[in-house]
Amino acid sequence: MLLLCLVSAKVQAQTHDSITTQNLSTVEVSTWRLNWSQQGKRVLRIDTLLKMNNQFQSLSDVLSTQSPVFIKSYGPGALASSSLRGGSASQTAVLWNGFNINHPMLGQLDFSQLPSFLFDKVELEMGASSALHGSGVINGSIQLSNVPKYTNTIKAGVALNSGSFSSKKVGAFATYSTYRFNSSTRFYRHTALNNFLFITDSNTTQRQSRNAFETMGFVQDMSVLLNARNKIEASVWYNQFSKQLPNPFTAVSKASQFDENIRASFNWTNFSERYRLNIRQGVFSDELNYTDSLLPIFSKSKCFTSTTEVELSTSLNTWSTWFIGFQYTHQNVNSSNYKQTQTATRAALVSGLQVYNTTKKIVLSTTLRQEQSILLPVPLTGQVALEVKPTPQWQVKLSSAKVYRLPTLNDWYWSPGGNPRLKPEEGYSSDACLIYSLPFQNVSLQLTGSVFYKTIHNWILWLPKANFTSPDNVLKVRSRGVETQTELKYVNNKFYMYANVQTTYVLSTVEDSYLRDDASLGKQLIYTPRYAGNGTFTLGYKQCALVINHTYTGYRFSSSDHSSWLKPYHLSQVRLNYTQLLKHVSLTLNTAVLNVFNTNYQVIQNFPMPLQHYEIGLILQFNKPLKQKQ
C-alpha cells in the first residue's frame, strides 16, 4: 500500500506538471467484445444494493440466492460449481476482466473461494457465446470486473465478520483516485472450523468433523488515463485456499487440498469517435495439491496459462460497425498425474458485423470464429443476434449460435484414463427474451421472460473401465426451459423498497447414447433440478435495511437411471443492516440468520449442509475528496 501511495503521488505530480487541465470524455470500462457478446441475450446484473448487503458472502452464496444459477455445493468451504440451464460446470465460463479463468485441468471454477467483496460488477450473461469467448461458453458466462472511477477521492475501509462454527472474516480496501489515475487494493481472509451440526439418515444429530478451511488473498487494480484517447489498466489477483476434506462414509479422513492462484491482466485501450483498439494480456498460474495419507495419494499439479488478445472495432458508417479480433492461448501443465509435462496452444480469429438504424432501436449482429488447436480440429462457430425496442417499455432479444467445448487437459492426459481421441462437444443454441419496463415517478417495474433451446453432441462423460475411469464422447443432450424475473423498486425520500422474484424450469435430457442399453435415455441429467426459484425482499428506511431471501430447489436425481434422488428443499435467510453516517466516515453493523427454519437438506448426496446458523459484522469506511488542484 505504501508503494501504491508513492506511485500514485508520482503519477499525479507528473500529470499536474506536464498536462494542462482539460475535460476528458467518459471511458467505457468493458471491452468491446463483452458488450458485443451481450447482444440478443438476457443479461442479469446483481443489484448494487443487494451486493452491498451480501459482501461478506462468497460468490457461490450470492449466485445461488440472486440468480438462476444452480450451485452444486458439497458444503460450506467445500467445492461449489455452477450449473446453468441444465449444463455442466465446464460449459459456463467465468470471465475476470474479460479473460476465462476456469481451471485448465478441470474446466471449471470453485465459487466457494471467491468473496463477492472483491468485485464491483457481477454480471450473468445467459446464452451461448463460443464465437466470441471461445471454448466452453455453451450455457452462458459469469463476468467479474472492477470499475475504476476517476472521482478525485481517497477511500479506505475495513470489514470484520464473525459467525457460527468459528467463522471469522476480515476484509480491507483502499482506493486512491484522481481525474486521471485510479488505484484500488482489496484484501480478504476467511477461516472457519466448519464443525456444523446436521441430521443423519437415522434422524440423529451429528457434528461435522475435520472440516476446517482457510482462504486469503488480495486484488490490486490500477488504471491510468494517459490522455483523451489512451487508457492503461493492470490488475493482479492472488488467492490461496486450504481445506480439510471429510469422508462422507466414515469418520476417518486424512484428505486435504491446497490451492494457490496468481492472476494478472493488462489492457491498453486506444479509442476515438470512429474506432476502438484493445491490446490485452493475461497471465495465470494455478496450483492444486491433493493429499490423502491413508490411501496414499500425493497429487501435485501446476498450470501456467498465457492469453494474448488484440481487438479492433470501427464504425464503417452511421449504420454499421465492424469488429475483428485475434486470440492466442498457451498452456503448460506439470502434474504428478500426467506422464509428462503437457503443452497446449490455441489461436483464433474472430470477426463480426453489426448493423442498426439511426436510433439503434433495431440492432442486428453476426459473429464468426475459426480456431486452431495443436491437439484436434475445432469446428467453425458463429452466432446471430437481434435486438428490437419498438417502444420505450418493450424490448425483444433473439440469438442463435453454433457452440463447442474442447476437452479439458485432464480429459486428454490424466493417468490412468486420459483419452487423446476425444472430440469437442458441439451443438446449437437458441434464446429468446422479452423485457417489459415501466418507470413511473418513484416506482420502477421490470418483467422479464426468456426461453432457450440447445442440443449438444459428443457430450463428454467419464465412465468406469477395467481398474479406472476414462472419458468418452457418449451422449447427445437436449436442454430447453423457461426463465422469469419480476423486479420492483420504490424510492421515496428516506424510504425504499426492492423486490425481486426469479423462477426457472429446465428440462435437460439424454436423447442418444453410444452405450448399449443406456438407462439414462430420455431422463433428466443428474443434479439438475427441473424447478427452482428465489425471491428477495428489501425494506429500507433512512440508514436501516431489512433483507429477506427465500430459495426453492426441486427434485434432483443422483443416479442417471433415476433410481435415487434428493428431496426438494426451501431455504430462508434474514439480514438486518444499520449504517451511521458521519462527516467522512460511515459505520455499518449487520447481522444475519441463515437457514432460518432449520431445514435439513443436501445439495449433493451424502454431503450434509448446516442447520440454522448466524453471523454478525462491522464495516468501517472512510471517504474524503482530494483537493481540487489534484
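To start, this report covers the structure provided alongside it. As the structure is a computational prediction, the values presented were derived from the model and not from experiment.

Details of the pairing of strand β18 (residues 320-335)
Working step 1: Looking at chain direction, strand β17 (residues 297-317) and β18 are connected through 16 bridges and run antiparallel. Looking at the pairing, K302 lines up with N334 of β18.
Working step 2: Hairpin remark: β17 followed by β18, antiparallel, with two residues in the connecting loop.
Working step 3: Pairing geometry for β18 and strand β19 (residues 342-356), over 14 bridges, is antiparallel. Pairing of F323 across the sheet is with G352, part of β19.
Working step 4: Between the end of β18 and the start of β19, which pair antiparallel, lie six residues.

Comments concerning a nonpolar patch on the surface
Working step 1: There is a patch of nonpolar side chains on the surface, built from V158, L160, V170, F187, F218, V236, Y578, L587, L589, I616, L618 and L620 and spanning about 920 Å² of accessible area.
Working step 2: Sorting the residues of the nonpolar patch by element identifies β8 (153-163), β32 (585-594) and β33 (613-625) as the ones contributing at least two each.
Working step 3: On the secondary structure map, L620 appears in strand β33.

Comments concerning empty space enclosed by the protein
Working step 1: On inspection of all chains with the given rule, the structure shows nine cavities of 30 Å³ or more.
Working step 2: By volume, the second largest cavity is sized at about 650 Å³.
Working step 3: What lines the second largest cavity is a set of 41 residues, among which N100, S135, T329, Q331 and R346 lie closest to the centre.
Working step 4: Elements supplying a minimum of two residues to the lining of the second largest cavity: β5 (99-100), β16 (275-292), β17, β18, β19, β20 (362-373), β22 (394-405) and α6 (409-413).
Working step 5: The element contributing the most residues to the lining of the second largest cavity is β19, with five residues.

Looking at unusual backbone geometry
Working step 1: The omega angle of the peptide bond from L295 to P296 is -10°, so this bond is cis rather than trans.
Working step 2: For the bond running from S415 to P416, omega is 5°, close enough to zero to count as cis.
Working step 3: Summarising the element assignment, P416 is placed in the loop between α6 and β23 (425-440).
Working step 4: You will see that R210, though not glycine, has its phi angle at about 45°, which is positive.
Working step 5: You can see R210 is positioned in the loop between β12 (205-207) and β13 (213-227).
Working step 6: If you check the backbone angles, N598 has positive phi at about 60° while not being a glycine.
Working step 7: One can find N598 in the loop between β32 and β33.

A look at the pattern of salt bridges
Working step 1: According to the stated counting rule, one finds 20 salt bridges in the structure shown.
Working step 2: Close ionic contact of E123 with K121 constitutes a salt bridge, the shortest N to O distance being 3.7 Å.
Working step 3: Taken together, the shared-partner salt bridges in this structure form one network comprising R42, R85, D431 and E483.

What to know about the packing of aromatic side chains
The way to describe two aromatic rings as a pair is by their centre distance and the angle between their planes.
Working step 1: On inspection of all chains with the given rule, the structure shows 15 aromatic pairs.
Working step 2: Seen from their ring centres, F165 and F196 are 5.9 Å apart, and the 65° between their planes marks the pair as edge-to-face. Residue F165 is located in the loop between β8 and β9 (167-177), and its partner F196 is located in the loop between β10 (181-192) and β11 (197-199); the two are separated by 31 residues in the primary sequence. Neither residue differs from the other here; F165 and F196 are each classed as buried.
Working step 3: Of the aromatic side chains, those joined through ring pairs into one cluster are W96, F119 and W237.
Working step 4: For the cation-ring pair, R280 lies above F99, with the distance from its terminal atom to the ring centre recorded as 4.2 Å.

Here is what the cut-offs are and how they apply
Residues numbered from 1 in each chain as written. Predicted model: local features only at pLDDT ≥ 70, side-chain atom pairs only at ≥ 80, totals over all residues. Heavy atoms only, no water. Pairing = 2+ DSSP bridges. Helix = DSSP H or I, 4+ residues; strand = E, 2+ residues; numbered from the N terminus. Patch = residues over 30% accessible without salt bridge, like charges linked within 9 Å, V, L, I, M, F, W, Y side chains within 5 Å. Areas by Shrake-Rupley, 256 points an atom, 1.4 Å probe, with all protein chains shown as cover. Salt bridge = Lys/Arg side-chain N within 4 Å of Asp/Glu carboxyl O. 1 Å grid on protein atoms, 1.4 Å probe; cavity = no way out; pocket = protein on both sides within 12 Å on 5 of 7 lines; lining within 4 Å. Points joined across faces, edges and corners; volume = space filled by probe spheres on them. Phe/Tyr/Trp six-rings, centres within 6.5 Å; stacked < 30°, edge-to-face > 60°. Buried < 20%, exposed > 50% of the residue type's maximum accessible area, 1.4 Å probe, protein only. Lys NZ or Arg CZ within 6 Å of the ring centre and 35° of its normal.

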